[in-house]
Amino acid sequence: DTGVSQNPRHKITKRGQNVTFRCDPISEHNRLYWYRQTLGQGPEFLTYFQNEAQLEKSRLLSDRFSAERPKGSFSTLEIQRTEQGDSAMYLCASSGRGGSSYNEQFFGPGTRLTVL
Amino acid sequence: TQLLEQSPQFLSIQEGENLTVYCNSSSVFSSLQWYRQEPGEGPVLLVTVVTGGEVKKLKRLTFQFGDARKDSSLHITAAQPGDTGLYLCAGDTGKLIFGQGTELSVKP
């Protein structure tokens, strides 16, 4: 049973650098979500794909953020010109075909980003 | 803006005590999900409630969805140190809207 996987688990970078995170969803799931979580808060929605189509983007997702899901399988989240305020846990979740008829989302372990 | 207010934010209790966590909103959700999260890990789905008034039990955990599908509660009976963690409620609007979480600490 392979759940949602995310790489890397931890990333430390200097302000101004670009970073890219990868998410591999549960294989039969067609929906993929990205969330961001800061200390002491619940996750906040960033963006959502159904298959390869990006259907919704939060206002939290500034122009420095871009996400792709080119073949409807894995997804990448890139942050350009990182800022200290980007430091957070970035979570990926998947849901859809093969699971419950409700939008039950299953989360990966997250990527912890620290911007120095 | 849809918000989920979760309370209490922190809870520290002794092993064997009972507790209830509340999740309230002015919005109606098609379903509501409860997650538990450990430090440095992603949230793990505990239960999904869908129907107004629904009650679901998971061992010592009892989840209830309000009649109007705007609020929910999680009750833990005879808490154990293994229950320690961050409990999150999330309302489904197509994407999940999360509460701030309840940090539970159960001391032996």
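Please read all numbers here as calculations on a predicted model, not as lab measurements.

*Asks:* What should I look at first to understand the overall build of chain B in this one?
*Replies:* Looking only at helices and strands, one finds zero helices and eleven strands in chain B. Referenced to the eigenvectors of the C-alpha coordinate spread, the extents of chain B come out at roughly 40 × 30 × 20 Å. Buried positions account for 47% of the 108 residues belonging to chain B. Once local pairs closer than 6 in sequence are excluded, the contacts in chain B between residues at least 24 apart make up 53%. Here chain B carries 9 positive and 11 negative side-chain charges, and the mean point of each set is 5 Å from the other.

*Asks:* Any chance you could explain the overall build of chain A here in plain terms?
*Replies:* Tallying secondary structure elements over chain A gives zero helices and eleven strands in all. Whereas a compact globule of 116 residues would reach a radius of gyration of roughly 13 Å, chain A reaches 14 Å, a difference of no more than 12%. If you line up chain A on its principal axes, its C-alpha atoms span 40 × 25 × 20 Å. Taking all 116 residues of chain A together, 47% fall into the buried category. Carbon and sulfur atoms make up 44% of the accessible area of chain A, which amounts to about 5900 Å² in all. Side-chain charges in chain A split into 15 positive and 12 negative, and the spacing between the mean points of these groups amounts to 6 Å.

*Asks:* I tried to follow the side chain of R36 of chain A on my own but got confused; where do I start?
*Replies:* Residue and element names in this part refer to chain A. Locating R36 in the fold gives a position in strand β4 (residues 31–37). Buried charged residue R36 carries no salt bridge. Nearest counter-charge: D86, at 4.4 Å. Ignoring sequence-local partners within four residues, the contact set of R36 consists of G42, P43, E44, L46, L60, F65, D86, A88, M89 and Y90.

*Asks:* Looking at this structure, I do not really get the side chain of S95 of chain A. What am I missing?
*Replies:* One can find S95 of chain A in strand β9 (residues 88–95). Other than its neighbours up to four places away in sequence, S95 of chain A contacts H29, N30, R31, Y33, N103, E104 and Q105 of chain A.

*Asks:* How should I be thinking about the environment of R36 of chain A in this particular structure?
*Replies:* Judged by relative accessible area, which is 12%, R36 of chain A ranks as buried. Taking the C-alpha atoms as reference points, R36 of chain A and F21 of chain A, separated by 15 residues in sequence, lie 12 Å from one another.

*Asks:* What should I look at first to understand the sheet that holds strand β1 (residues 5–7) of chain B in this one?
*Replies:* The strands making up a sheet associate through hydrogen bonds between their backbones, and the pairing can be parallel or antiparallel. Residue and element names in this part refer to chain B. Strand order in the open sheet formed by five strands is β1-β3-β8-β7-β6, and the pairing between neighbours is antiparallel. Pairing within the sheet leaves two strands with one partner each, and these edge strands are β1 and β6 (55–58). Averaged over all neighbouring strand pairs, the angle between strand axes comes to 15°, with direction disregarded. Pairing analysis gives four bridges linking β6 to strand β7 (residues 61–65), with the strands arranged antiparallel. Looking at the pairing, V55 lines up with Q64 of β7.

*Asks:* Any chance you could explain the sheet that holds strand β1 (residues 5–7) of chain A here in plain terms?
*Replies:* All names here are of chain A. With antiparallel pairing, four strands are arranged side by side in an open sheet as β1-β3-β8-β7. Strands with a single pairing partner mark the edges of an open sheet, and in this sheet they are β1 and β7 (65–68). Adjacent strand axes in the sheet meet at a mean angle of 15°, parallel and antiparallel pairs treated alike. Sheet topology places β1 next to strand β3 (residues 19–24); three bridges connect them, and they run antiparallel. Within β3, the position partnered with N7 by the bridge is R22.

Reading the values: the criteria
All residue numbers refer to positions counted from 1 along the written sequence of the respective chain. Here every chain gets a letter starting at A, and every ligand a number starting at 1, in the order they are written. Reporting in this predicted model follows two pLDDT cut-offs: at least 70 for local features of residues, and 80 or more for side-chain atom pairs to be given and counted; totals over whole chains, interfaces and linings ignore these cut-offs and use all residues. Note: side-chain values were computed over all heavy atoms of the structure, leaving out hydrogens and water. Numbering of helices and strands runs from the N terminus, with a helix taken as a DSSP run of H or I at least four residues long and a strand as a DSSP run of E at least two residues long. Using a 1.4 Å probe on the protein chains alone, a residue whose accessible area is under 20% of its type maximum counts as buried, one over 50% counts as exposed, and one in between counts as partly exposed. Any two residues whose heavy atoms approach within 4.5 Å at even a single point are treated as in contact. Asp and Glu are treated as the negative residues and Lys and Arg as the positive ones, with His and the ends of the chain left uncounted. Where a charge sits is defined by one atom per residue type, namely NZ (Lys), CZ (Arg), CG (Asp) or CD (Glu). The quantity called the radius of gyration is restricted to C-alpha atoms. Its globule counterpart is 2.2 Å times the number of residues to the power 0.38. The protein chains shown are the only cover counted for residues, whose accessible areas, like all others here, come from Shrake-Rupley with a 1.4 Å probe. Basic side-chain nitrogens of Lys or Arg form a salt bridge, by our definition, when they fall within 4 Å of a carboxyl oxygen of Asp or Glu. Here, a strand pair is defined by DSSP locating no fewer than two bridges between the strands. Angular values range over 0 to 180 degrees, each being the angle between N-to-C directions of two axes fitted as lines to C-alpha atoms, with helices fitted over their stretch in contact.

Purely geometric numbers; function is a separate question.
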